[in-house]
Each structure stands twice: as structure tokens, then as C-alpha cells.
Amino acid sequence: MPSFRNELSINDQEIAAALVGEERRQQDGVELIPSENYTYPEVLELLGSVFTNKYSEGYPGRRYYGGQQYTDDVENLARQRACSLFRAEHANVQPLSGSPMNQAVYLGLLQPGDTILAMDLSHGGHLTHGAPVSHMGRLFNFVRYKTAPSNGAIDFDELRAIAREARPKMVLCGYSSYPRDLDYAAFKNIADEVGALTMADVSHYGGLVAANVMRNPLDAGFDVMTTTSHKTLRGPRGGIILCRKENAGRIDASVFPGLQGGPHMNVVAGTAVTLKKAATSDFQLYARQVLRNAKVLAGALMERGMKLVTDGTDNHMMVVDTIASVGLDGRAAEDLLEAIAITTNKQVIPDDPRPPLRPSGIRIGTPAATTRGMGDSEMHRIGEFIAGALQASGDDAILARLRSECIEMCRAFPVPGVVSGSRSN
Ligand code: DSN
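What you are looking at is a predicted structure, and each value in this text was computed from that prediction instead of being measured.

**Observations regarding the site of the ligand**
Close to the ligand lie Ser35, His126, Ser176, His204, Lys231 and Arg363. Taking His126, its side chain carries an N or O atom lying 2.7 Å from an oxygen atom of the ligand. The side chain of Arg363 places a nitrogen or oxygen atom 2.7 Å from an oxygen atom of the ligand. In isolation the ligand exposes 230 Å². Once the protein is present, 64% of that is buried.

So this is what it looks like as C-alpha cells:
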């Protein structure tokens, strides 16, 4: 089997074959799932380092196990870098990923049964923002606000009315499928009126906030901001909670021992490196290009007759209404694009009448393609590939041609950490 590696020391043929296959899939295809990215070779190295051997329950200087001189250094650096990057008073870098990160905040600052005002899930909110199928949706009382499908605007008069009626303990914003930026000051004003805490989950666009190309909710006085580290930030899979000093004790105790045991120190080390890189001018250029690429791709799709929810984007993602565009549901569209080596994900649109596994659209984002160095001309080509494939459903000859053109384009843009014949670039 052809391999992208010079050598592979994994003496387990089935797993080795899966790894080589995944490397080839990542190298040969365009990754457009907006929550995915290619992490740095340095992070891949740290993830496979001896830090994974270490138990470190507790926090620097207050651990329940010995042997912490190096893990303490790593966690202190990660916390300091997170605070400096996001202009926060306190950071917890231990959440194992995005869901436990958000759960730790709710459980640390609220009581079961409390009301949380959050974005409607089909309008872009995340599972942990109270989906009925999630444990958080059962533990807390989530009340919803919506957005205008025409332009994504939030009607803050209506939101104020809902808040006055529901008297939430927390006003939550942030999203996993919404193509616009948010007015955090407006959320904060309403929360202050009803005496609620403010929390923003910027997991998707944490890297864009870090680079100051999207608004930072902490600048508007938010109490808590959460972000995953593996999306626009390009780090290892993990979560970061940023908060005021006055809430630091409750947040830390909620993460450990409240919700988790030992932090994954190999991940925390990778997070520290990621946060240092996110403070550089190179990262700012990257973040600007992510936004530019999204605008160019959105324009290319709309020129070719694709209907985007809110007719465009102000961030790194867009949602294509595939039913309105070509009469295909999101699953069929996802499958069709996968056949031409483009990975997207099926996605509900606002107030979608269709079920989540057969929704009306797909979600597309530019962070991963931008990491590979793709720019304007590749975004135009990707727009052609996507529209061409969706409009050619059932035409195998056209799909085969699009697939080979797409793979050829990808080969000119190596994936960091995976290069034909070598392990890194
Ligand atoms: N699964 C992530 C996403 O795709 O948005 C969020 O957790």
C-alpha cells in the first residue's frame, strides 16, 4: 500500500493501514468542515510525547500526585498565554474538549433547574447549549432566542422581552452554525437588566477572536468565554475556559474535581504551544485569510446559483440550503461532495422542517483549507467543484472529472505534518 510516510513503527497492520488511509484522505481531499483544522507538527509531536504518561490531578502547586515540576511549568505557561491572548483575568486549560468545558461552566456557576437563555439550535446553537438529547438539556431549563434567516440579525428587543419573562440566570451566546458576528454589548446590557451572568462560547472562532479579526466578548464585559483549542486556533483537541478572577475558584473546582479527573498534559503542552503561535503576526495573517477565503467561497457559490442561509458570511463558515439550491437534502449533498473528495457536513437550517440526519443543508468553512495555503483562486475553484457536483448529481462522468481535478489541486497544498514521502513540512 502506498504510504505518505518514510517509516511507520506501528506494529499493528490494521491500525497502521487505517492511519495511512486517513493521511491519504486528508492530503487528497478538501476539508471544509468548519470545526476542523490541521494542527501544527509541533503539536502532533507533543501529543505523542511522554506527557501522556503523567497523572496531574489538581492545579499547578496543588497536585494530588508527585513528579509535577515539568507539568506545572507547562500548565502555568498555557494559562498565562491564554490570559494574555484573550485579555482574560483567569484561564482553565484542563477541559478535555468542548462539551465538558461548557458543562463545567454551567455546573460551576449555576444550580440544576436554573434557566439559561441560548440560541435556538436550528439557528446555530450547539448541542451543549441545551439540546433536549443532551444531559445539560435535562439538567437546566433552556429558553431560546432566534435569528432572522434573511440576514442572521438578532432582534434584541425581542430578546429583552424573552429575558424579562424567563428571568434567566445566564445569557449564553456563541454558535456552531451561524455565519455572522455577534453584538456582545447588546447581550450584556440585557443580561445586566435581568441580573444574569453572561457566557460566550466562541469555540468555532476562538482563533479569529485571538487574532482580533472578530469581536472579543470579554472586551464587552462578559463573565465567561469558552473556546475549544482545535478549530480556528489550530491546536490539539481540548477546551479553555476564560473568566473573571471572582469566578476562578468556582470554575476550577467545577472542572476538577467536579467533572473530570486527570488533565491530559500532552494536550495541555500542545495548547501552550498553540497559544504562543496564536499571538504572532503570522497567525493574524492566517486569521484574516480565513475570513477572506470564506467571503470569496461564499461569493463563488452564490454566483453559481447556490442559496446560502443569510445570503453570505461574516465569519469562517456558511450554510448552503441544498434543498433550495438543487433539491438535494444535506445527506445526499454531503455524500455527493465526498465522492469528489470534498468533505462537508449535513446541517439543519433555521427552523428546518427536515430531520437532523436528512436536513436541508450542508455547512462549509475555510479554516483547514486556509491552513494548507489555499487562497482566492482555490476558493473560486472549490466553488465551481461544489456547485458543479451538486448540479451534476447522477452524472458519473462529470463527477469523476471533478474528483480528479480536486485531488490534483490538493496535491499542490501539503497538509502540515503529512507530506508525501516524509512526516512533516
Ligand atoms: N462538533 C463541533 C462542530 O462541528 O461544530 C462542535 O462541537
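That covers the picture; the talk isn't over yet.
**Notes on the confidence of the model for the chain**
Of the residues in the chain, 97% have a pLDDT of 70 or more, and the chain-wide mean is 95. Across residues 421-425, confidence stays below pLDDT 50; counting only partners more than four residues off in sequence or on other chains, it has 16 contacts.

**What to know about the pattern of salt bridges**
Inspection of the entire model under this criterion finds 24 salt bridges. Salt-bridge contacts for Glu22 lead to Arg25; the nearest nitrogen and oxygen are separated by 2.9 Å. Of this pair, Glu22 and Arg25 are both found in helix α1 (residues 13-28), three residues apart, which corresponds to roughly one turn of the helix. For Arg358, the salt bridge is made with Asp329, and the minimal N-O distance between the two is 2.9 Å. A residue pair is termed long-range when its members are at least 10 positions apart, and Arg358 in the loop between β13 (345-347) and β14 (361-365) and Asp329 in the loop between α12 (322-326) and α13 (330-339) qualify at 29 residues. Taken together, the salt bridges that share partners define one network made up of Asp157, Arg160, Arg164 and Glu193.

**Quick notes on the environment of Arg363**
Within the element layout of this structure, Arg363 appears in strand β14. C-alpha of Arg363 to C-alpha of Asp181: the two residues are 182 residues apart in sequence and 17 Å apart in space. A distance of 3.3 Å separates a polar atom in the side chain of Arg363 from a polar atom in the side chain of His204.

**Regarding the sheet that holds strand β5 (residues 115-119)**
Strand order in the open sheet formed by seven strands is β4-β10-β9-β8-β7-β5-β6, with mixed pairing between adjacent strands. The open sheet terminates on both sides in strands that have one partner only, identified here as β4 (90-92) and β6 (141-145). Strand-to-strand, the axes of this sheet are offset by a mean angle of 20°, without reference to chain direction. Pairing analysis gives five bridges linking strand β9 (residues 224-228) to strand β10 (residues 239-243), with the strands arranged antiparallel. Each bridged residue has a counterpart across the sheet, and for Thr226 the counterpart in β10 is Ile241. Strands β4, β9 and β10 of the sheet are contacted by helix α3 (residues 69-86), whose axis makes an angle of about 125° with β4. Packing against the sheet, helix α6 (residues 156-166) makes contact with β5 and β6, and its axis sits at approximately 160° to β6.

**A short note on unusual backbone geometry**
With an omega of 10°, the peptide bond between Phe256 and Pro257 qualifies as cis. Within the secondary structure, Pro257 sits in helix α9 (residues 245-259). We note that Ala341 has phi near 70°; this positive angle belongs to a residue other than glycine. By the element assignment, Ala341 lies in the loop between α13 and β12 (342-343).

**Topic: the pairing of strand β8 (residues 197-201)**
For β8, the buried fraction is high: five of the five residues fall into the buried class. Alternating residues of β8 divide into Leu197, Met199 and Asp201 and Thr198 and Ala200, and every residue in both groups is buried. With five bridges joining them, strand β7 (residues 170-174) and β8 adopt parallel strand pairing. Paired with Cys173 across the bridge in β8 is Ala200. Here three bridges tie β8 to β9, and the two strands are oriented parallel to one another. Pairing of Met199 across the sheet is with Val224, part of β9.

What counts and what doesn't
- Residues numbered from 1 in each chain as written.
- Predicted model: local features only at pLDDT ≥ 70, side-chain atom pairs only at ≥ 80, totals over all residues.
- Heavy atoms only, no water.
- Near = heavy atom within 4 Å.
- Polar contact = N/O pair within 3.5 Å; in protein donor to acceptor, adjacent residues only side chain to side chain.
- Areas by Shrake-Rupley, 256 points an atom, 1.4 Å probe, with all protein chains shown as cover.
- pLDDT = per-residue confidence, 0-100.
- Contact = heavy atoms within 4.5 Å.
- Salt bridge = Lys/Arg side-chain N within 4 Å of Asp/Glu carboxyl O.
- Helix = DSSP H or I, 4+ residues; strand = E, 2+ residues; numbered from the N terminus.
- Pairing = 2+ DSSP bridges.
- Axes fitted to C-alpha atoms, helices over the stretch in contact; angles between N-to-C directions.
- Buried < 20%, exposed > 50% of the residue type's maximum accessible area, 1.4 Å probe, protein only.

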